[in-house]
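# Geometric and topological summary
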Amino acid sequence: MSQNQQAHLRVAKEPSQERQKRMIGDHFDRLASVADGTCDEKVVYTFVPGNLTELIGAFGMLPVLPEINALQSGMRQQSAGYIAEAEKSGHSEDVCTYVKCDLGMLKSGNVGPTGTRLPRPDLLLLSYTGCFTFMKWFELLREEYKCPVVMLHVPYQPDGVVTPAMRKYIVDQLETVVIPAMERIAGKKLDRDALSERLARSAQAEDDLVAVWESARHRPSPIDGYFGGVYYIGPIFSAFRGTEDAVAYYCELRAEVEGRIARGEGPTTPDGRLDDQRHRIVVEGPPNWTSFNEFWRMFSREHAVVVSSTYTRVGGLYDHGFRHDPKNPIETLADYCLGCYTNLGLPTRIDYIEQTIRTYEADGFLINSVKSCNSFSAGQLLILRELEKRTGVPGGFIESDLVDPRYFAKANIDNRLQSYFQMLDARRLRHAA
Amino acid sequence: MSAESLVAEARSQVDDVDLGPVHAWKRANPGGLAVGTMPIYVPRPLIEAVGALPVAIFGGGDQVDIIRGDSYFQSYICHIPRSTLELALGGRLDCLDAMIFPSICDVIRNLGGMWRLLFPEKLSVYLDLPQTFDLAVGGRFFAHELHRIASLLEAAGARPLNDEALVAAIRVENVRRAALERVDALRRAEPWRAPASEVYLLARLGGLLPAAEHTRWLEDYLTAAQGRAARPVDNVRVVLVGAFCEQPPLGLLRTLEKAGCDIIEDDLQLGLRTIEGPIDLREGEDPVFSLARSWIERGGATASRYIGDDEKGRALVERVRTLGADGVVFAAASFCDPALLDQPMQEAALARAKIPYTTLKFAENTGQFQVVREQAGAFSDAVKLWGIA
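The rules behind these values
- Residues numbered from 1 in each chain as written.
- Chains lettered and ligands numbered in written order.
- Predicted model: local features only at pLDDT ≥ 70, side-chain atom pairs only at ≥ 80, totals over all residues.
- Heavy atoms only, no water.
- Helix = DSSP H or I, 4+ residues; strand = E, 2+ residues; numbered from the N terminus.
- Buried < 20%, exposed > 50% of the residue type's maximum accessible area, 1.4 Å probe, protein only.
- Contact = heavy atoms within 4.5 Å.
- Areas by Shrake-Rupley, 256 points an atom, 1.4 Å probe, with all protein chains shown as cover.
- Lys, Arg positive; Asp, Glu negative; His and termini not counted.
- Charge placed at Lys NZ, Arg CZ, Asp CG, Glu CD.
- Phe/Tyr/Trp six-rings, centres within 6.5 Å; stacked < 30°, edge-to-face > 60°.
- Lys NZ or Arg CZ within 6 Å of the ring centre and 35° of its normal.
- Pairing = 2+ DSSP bridges.
- Domains from an automatic or database assignment.
- Buried area = accessible area lost by both parts, 1.4 Å probe.
- Salt bridge = Lys/Arg side-chain N within 4 Å of Asp/Glu carboxyl O.
- Polar contact = N/O pair within 3.5 Å; in protein donor to acceptor, adjacent residues only side chain to side chain.
- Nonpolar A, V, L, I, M, F, W, Y, C, P; charged D, E, K, R; others polar.
- Right-handed = clockwise from strand over helix to strand, strands pointing away.
- Axes fitted to C-alpha atoms, helices over the stretch in contact; angles between N-to-C directions.

## Thoughts on the overall build of chain A
In terms of regular secondary structure, chain A is built from 18 helices and 10 strands. Its C-alpha atoms give chain A principal-axis dimensions of roughly 70 × 45 × 45 Å. Out of the 433 residues belonging to chain A, those deemed buried represent 64%. Within chain A, residue pairs in contact and separated by at least 24 positions form 77% of the contacts whose partners lie at least 6 positions apart. With the model as given, the accessible surface of chain A reaches about 15500 Å², and the carbon-plus-sulfur share is 49%. The positive charge centre, built from 50 side chains, and the negative charge centre, built from 57, are 2 Å apart in chain A.

## Some details on the packing of aromatic side chains
In the structure shown here, the tally under the stated rule is 33 aromatic pairs over all chains. Both rings, one in tyrosine 45 of chain A and one in tyrosine 145 of chain A, keep their centres 5.6 Å apart while their planes meet at 75°; by these two values the pair is edge-to-face. Of this pair, tyrosine 45 of chain A sits in strand E1 (residues 43-45) while tyrosine 145 of chain A sits in helix H7 (residues 133-145), and the two are 100 residues apart along the sequence. Like tyrosine 145 of chain A, tyrosine 45 of chain A is buried. For the pair phenylalanine 330 of chain B and tyrosine 357 of chain B, a centre-to-centre distance of 5.8 Å together with 75° between the ring planes defines the contact as edge-to-face. Residue phenylalanine 330 of chain B is located in strand E7 (residues 327-333), and its partner tyrosine 357 of chain B is located in strand E8 (residues 357-362); the two are separated by 27 residues in the primary sequence. One aromatic cluster is present, formed by Tyr226, Phe227, Tyr231, Trp289, Phe292, Phe295, Trp296, Phe299, Tyr311, Phe408, Tyr420 and Phe421 of chain A through successive ring pairs. For the cation-ring pair, arginine 241 of chain A lies above tyrosine 336 of chain A, with the distance from its terminal atom to the ring centre recorded as 4.3 Å. The ring of tryptophan 213 of chain A is capped by arginine 313 of chain A, whose NZ or CZ atom sits 3.7 Å from the centre of that ring.

## Looking at the pairing of E7 of chain B
All names here are of chain B. In terms of burial, E7 is a largely internal element, 7 of the 7 residues being buried. By the alternation rule, side chains of E7 split into Gly327, Val329, Ala331 and Ala333 and Val328, Phe330 and Ala332, which are all buried. With 4 bridges connecting them, strand E5 (residues 236-241) and E7 associate as parallel partners. In the strand pairing of E7, valine 239 is matched with valine 328. Two elements, E7 and E8, share 6 bridges in a ladder whose sense is parallel. Directly across from phenylalanine 330, in E8, lies its bridge partner threonine 359.

## Quick look at the domain arrangement of chain B
Residues and elements named next belong to chain B. As far as domains go, chain B holds domain 1 (20-164) and domain 2 (235-267 + 302-389). A separation of 28 Å is found between the C-alpha centroids of domain 1 and domain 2. Contact with domain 1, which involves 19 residues of that partner, is made by 14 residues of domain 2. Summed over both sides, the interface of domain 1 with domain 2 buries roughly 1400 Å², with 61% coming from carbon and sulfur. Area buried by domain 1 at its contact with domain 2 is led by Ile40, His79 and Phe133, which between them contribute 31% of it. Linking domain 1 to domain 2 there are 0 salt bridges. Between the two partners, domain 1 and domain 2, sit 8 residue pairs in polar contact (both at pLDDT 80 or more). Counted by class, the side of domain 1 that touches domain 2 contains 11 nonpolar, 7 polar and 1 charged residues.

## Quick notes on the side chain of threonine 391 of chain A
Residues and elements named next belong to chain A. Topologically, threonine 391 is positioned in helix H17 (residues 380-391). Polar side-chain contacts of threonine 391 include one of 3.0 Å to the backbone nitrogen of valine 393. Excluding anything up to four places from it in sequence, threonine 391 contacts Glu354, Ile357 and Arg358.

## Some points on the pairing of strand E4 (residues 149-153) of chain A
Two faces, one strand: in a regular strand the side chains alternate between the faces of the sheet. All names here are of chain A. Counted residue by residue, E4 has 5 buried out of 5 residues, so it is predominantly covered. Here 5 bridges tie strand E3 (residues 123-128) to E4, and the two strands are oriented parallel to one another. From the neighbouring strand, leucine 126 faces E4, where its bridge partner is methionine 151. After leaving E3, the chain enters H7 and then returns to the sheet as E4, a path that is right-handed.

## Quick word on the interface of chain B and chain A
Counting from both sides, the interface comprises 49 residues of chain B and, opposite them, 54 residues of chain A. Note on chain B versus chain A: buried area summed over both sides is about 4500 Å², and carbon and sulfur give 59% of it. Taken together, the connections running from chain B to chain A amount to 6 salt bridges. There are 26 residue pairs in polar contact (both at pLDDT 80 or more) connecting chain B and chain A. Among the elements that line the side of chain B that touches chain A, the one with the most residues is helix H5 (residues 106-118) of chain B, at 9 residues. Partitioned by chemical class, the residues of the side of chain B that touches chain A number 24 nonpolar, 11 polar and 14 charged.

## Describing the sheet that holds strand E7 (residues 279-284) of chain A
Residues and elements named next belong to chain A. The strand order E8-E7-E9-E10 describes an open sheet built from 4 strands, whose pairing is parallel. Of all the strands in the sheet, the pair left with one neighbour each is strand E8 (304-309) and strand E10 (395-400). In this sheet, neighbouring strand axes are inclined to one another by 30° on average, regardless of whether the strands run parallel or antiparallel. Pairing analysis gives 4 bridges linking E7 to strand E9 (residues 364-370), with the strands arranged parallel.

## Description of the domain arrangement of chain A
Residues and elements named next belong to chain A. Domains assigned within chain A are domain 1 (9-194) and domain 2 (195-432). If you average the C-alpha positions of domain 1 and of domain 2, the two centres end up 22 Å apart. Residue-level contacts link 63 residues of domain 1 with 61 residues of domain 2. In total, domain 1 and domain 2 occlude about 5000 Å² of area from one another, counting both sides; carbon and sulfur atoms represent 58% of this. If you look at where domain 1 meets domain 2, you find 5 salt bridges. A salt bridge links glutamate 54 to arginine 241, with the nearest nitrogen and oxygen atoms 2.6 Å apart. At the boundary of domain 1 with domain 2, the tally comes to 37 residue pairs in polar contact (both at pLDDT 80 or more). Only helix H2 (15-35), helix H3 (53-58), helix H4 (66-75), helix H5 (79-88), helix H6 (97-107), helix H8 (164-186) and helix H9 (192-214) provide two or more residues apiece to the side of domain 1 that touches domain 2. Classifying every residue of the side of domain 1 that touches domain 2 by side-chain character gives 34 nonpolar, 16 polar and 13 charged.

Laid out in structure tokens, this is it:
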């Protein structure tokens, strides 16, 4: 077998990956047809955490998620140019690079990650969940698009508790502000039955997603819960939650993962399958997107598999039992928004990671602190100390950025990770002795 | 007392990172709680109404060396949380019985979570300021938040909240607001009598004192400043924008003044000014709801408040024109997301209105002002000579 054939086998895509690729391609084709005027569907820009995808879908509108576009631009090595474009027009080097990447993309013709043009928004649906920058981002986009914005202010959970007042505040906003605004844009009333049907499909997909996440309890773990995990969350955190496509995708993914468990296989990495897993790691913080595969290889080369990550919970914390409830459609949207990971107070985040480390029997946890995201990053050095104190599991700390390649210092990060994994090895030997 | 003496005394109290005025208040009010509040806005009358002292915390400025605080924050986080933590870890905030962290940005929000973990014996409260400005929705939620905070303070040893005490506290607060507005009016009309660097200290002192006591300071200063011998100076009149949380060192304000800029308005002590005009009290209305209504209906435009259907920069342009300002100086703290994300929109609005502006960044412990002096000097010269920057 030639080297090329071997490489092909190593990275051969599974059916669920092909399905996801088709879903995304079709979605962007629909968006492109709106952009070129061959289709008149309404377009809603919104954010991943606290997204109201079922509601958007029930109106027959198409969602666009600017963070996803930004991270895709990062993966396709386009973000540096977009960020430079935004900084040239007066945006500070200090602020979120997702925002600057998105604005730069807009200034450069608004060509999306699949190479097709993105349509202008008919509505900016500003779900203010867990990240203050979202608000500024849509204020900036409103300046560019001159289109309506509707705000959904989601209260923060400082104590990790959802109070009736919080829920009511969101429900009131949905009923009196958000839904009426969407009805005006869509030109029709909300079909609440259609919404409930979508929510039922969401819950079905969420069951399968949680089964996929929890599969990492096995040894070897059949999934990588961070680098692989960002692909697994793609459909449910973006345009597809509540659709038949998402149900089919997660059913297929779950079956594939269960197959791997039965065969004792690990996940596929950029360098092939990782069956021999020496380190089980939990990761806090988003990945770097501009050097995503290089970053992944720094783990897989050391036989480190990520068994769980907090980034894959930014669009919903389903492994704590939450499921969308079709019987209470508006209240369940409120609870969903409230429960996104970065909407939780720091003590709750630490409790969650501690529990994750124990549940997945992790040997270590690593914090990837990204410059762009204060929502994640402010307080992470305390998270590091607290988790080490509570669990006795050693933590590692690296710094990078989301989509600004200037802040991915490859040699530095690689050195740190190698030292960290060597330390885990030494610790294991010491314990064995 | 002369204006200079009042300002010197105000400065000594503001610079006292050991919070001498708070200790003095606690000695005079045994059992009273001191409640720290982070920027920007926490309704102070609510705290005074339960017999507690609201204490505005603005970090350590250029008064403290940061050692432990730096070990909790990455280099790309702004300065105020690290110096605030430095003070607390060093015991200098021990006199505070509680802290309130309002929802102005992700960093201050997360600092509130850190506080709970680092100081579990102290009450730490997050205040969610509504971003939905419908009274029946956002107003009701905010009133609920304020009732919740009053209950938490009561559980920590404060007096129970009652309507009479709150109405009285709001009235006292309104008197203070009126006094502050008179001082601001003097600064706008005759900045050589009440320069911004002085007014800033007088306003900031109010964050450490009960409203009634602060009012006396303001009135004394007003009297002294109006009567002082001062020569009008032909400076440019500027509005300073962007320093609503982390405060610039006093040296930066003085540098701007020396460079020929009279700062006739700023957002430095926004907490005391964010509600435009007095807090309305209505017959038969829960006074807590009156506080909420004042925020919903008359909360001023700032970077951490959602713009709603308003036009970004409109308020700033209108303010510049109303005040007869010649230009705007943007001064944001490094890594301050709200201010820095807001700035391009504000700049665009100024450019459309043909209002000159210049921009600079600072940290609370910035010690070198030569560059600022040159930049501000060039700006004031350009505005004076050509009306442009």
